[in-house]
Amino acid sequence: MVVQPDNSTALDSWQQVLAPYNLGYRIKLLSQLLTRKFTDKLEPFGLTPFHWLVLCCLWQEDGLPTSSIGEKLQQVGGTLTGVLDRMEERGLVRRERDVHDRRIWRIWLTDAGKDLEKILPPLAAELREDAMRGISPDDREFFSQLLNKAIANLS
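Nothing here was measured: the structure is a model prediction, and the numbers come from that model. (Residues numbered from 1 in each chain as written. Predicted model: local features only at pLDDT ≥ 70, side-chain atom pairs only at ≥ 80, totals over all residues. Heavy atoms only, no water.)

1. Concerning the sheet that holds strand 2 (residues 93-97)
The strand order across the open sheet formed by three strands is 1-3-2, and the pairing between neighbours is antiparallel. The sheet is open, and its two edges are formed by strand 1 (64-65) and strand 2, each paired on a single side. Two elements, strand 1 and strand 3 (residues 105-109), share two bridges in a ladder whose sense is antiparallel. Pairing of leucine 64 across the sheet is with isoleucine 107, part of strand 3. Contacts from helix 3 (residues 49-60) reach strand 1, strand 2 and strand 3 within the one sheet, and its direction differs from that of strand 3 by about 90°. (Pairing = 2+ DSSP bridges. Helix = DSSP H or I, 4+ residues; strand = E, 2+ residues; numbered from the N terminus. Contact = heavy atoms within 4.5 Å. Axes fitted to C-alpha atoms, helices over the stretch in contact; angles between N-to-C directions.)

2. A word on helix 6 (residues 111-132)
Across its 22 residues, helix 6 extends 33 Å between first and last C-alpha, which sits within 8% of the 32 Å expected from 1.5 Å per residue. Of all the bends in helix 6, the largest measures some 40° and sits at glutamate 117, one to four residues before the proline proline 121. Every buried residue of helix 6 is listed here: Gly113, Leu116, Leu120, Ala124, Leu127 and Met132. In this structure, the buried side of helix 6 is in contact with helix 2 (23-42), helix 3, strand 3 and helix 7 (137-154). One or two residues past the end of helix 6 sits glycine 134, with phi positive at roughly 85°. (Expected span 1.5 Å × (residues − 1). Bend = angle between axes of the 7 residues up to and from the residue. Buried < 20%, exposed > 50% of the residue type's maximum accessible area, 1.4 Å probe, protein only.)

3. Structural notes on the pairing of strand 3
Side-chain positions along a regular strand alternate between the two faces of the sheet. Examined bridge by bridge, strand 2 and strand 3 share five bridges and lie antiparallel to one another. Paired with arginine 94 across the strands is tryptophan 108, a residue of strand 3.

4. Structural notes on the pattern of salt bridges
Taken as a whole, this structure holds 10 salt bridges when the rule is applied. Between arginine 95 and glutamate 88 there is a salt bridge; the shortest N-O distance is 2.9 Å. A relative accessible area of 21% places arginine 95 in the partly exposed class. Classification of glutamate 88 as partly exposed rests on a relative accessible area of 32%. One salt bridge in this structure joins arginine 103 and aspartate 101, with 2.8 Å as the shortest N-O distance. Of the residues examined, arginine 103 reaches a relative accessible area of 71% and is grouped as exposed. One connected set of salt bridges, linked through shared partners, spans Asp85, Glu88 and Arg95. (Salt bridge = Lys/Arg side-chain N within 4 Å of Asp/Glu carboxyl O.)

5. Re the environment of threonine 39
Mapped onto the secondary structure, threonine 39 falls in helix 2. Separated by 13 residues in the primary sequence, threonine 39 and tryptophan 52 place their C-alpha atoms 9.8 Å from one another.

6. Overview of the packing of helix 3 against helix 6
At their nearest, the axes of helix 3 and helix 6 sit 10 Å apart, and the two run at 115° to each other. Seen from above, helix 3 lies across helix 6 with left-handed handedness. Across from Trp52, Leu55 and Trp59 in helix 3, the residues of helix 6 making contact are Gly113, Lys114, Leu116, Glu117, Leu120, Pro121 and Ala124. Residues belonging to the contact of helix 3 with helix 6 are distributed by class as follows: seven nonpolar, one polar and two charged. (Left-handed = near helix turned anticlockwise from the far one by under 90°. Nonpolar A, V, L, I, M, F, W, Y, C, P; charged D, E, K, R; others polar.)

7. Digging into the packing of helix 2 against helix 6
Packing of helix 2 against helix 6 leaves a shortest axis separation of 10 Å and a crossing angle of 145°. Crossing geometry of helix 2 relative to helix 6 is assigned as right-handed. Contacts between helix 2 and helix 6 involve Leu34, Lys37, Phe38, Lys41 and Leu42 from the former and Leu120, Leu123, Ala124, Glu126, Leu127 and Ala131 from the latter. When its residues are assigned to classes, the contact of helix 2 with helix 6 shows eight nonpolar, no polar and three charged.

What follows is the structure, encoded as structure tokens:
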């Protein structure tokens, strides 16, 4: 008769790395839930969360080169180019060649893109508050710091 090893102890020791309990799965789930809810908030404006990210970059510094936006968002050029094409078609941004280096395209907000700065950040803040309900300001800050450390560790 063959005796089977007791796997419950082995499984217990691995519980934190097995889905749905592992950190990666839970962060992915949180990301998907936030993205879904934010997509719903942006839909009336014909925008996606990626449009939001580009707008945020430009609200902080208008006239960025396309490559700088890609670096900030850690995106490849082809993906960003398509997003910028759609944003330009919707009248949110315009592209202009850099006056000193014609190889560089700078992205500028139009008035419509600038106007969204008054509308969209409160929607994002509302979603953040929904997600962080019941979490103290200190714990929110600590959570943010932990995420930043984990991202830095893997970057």
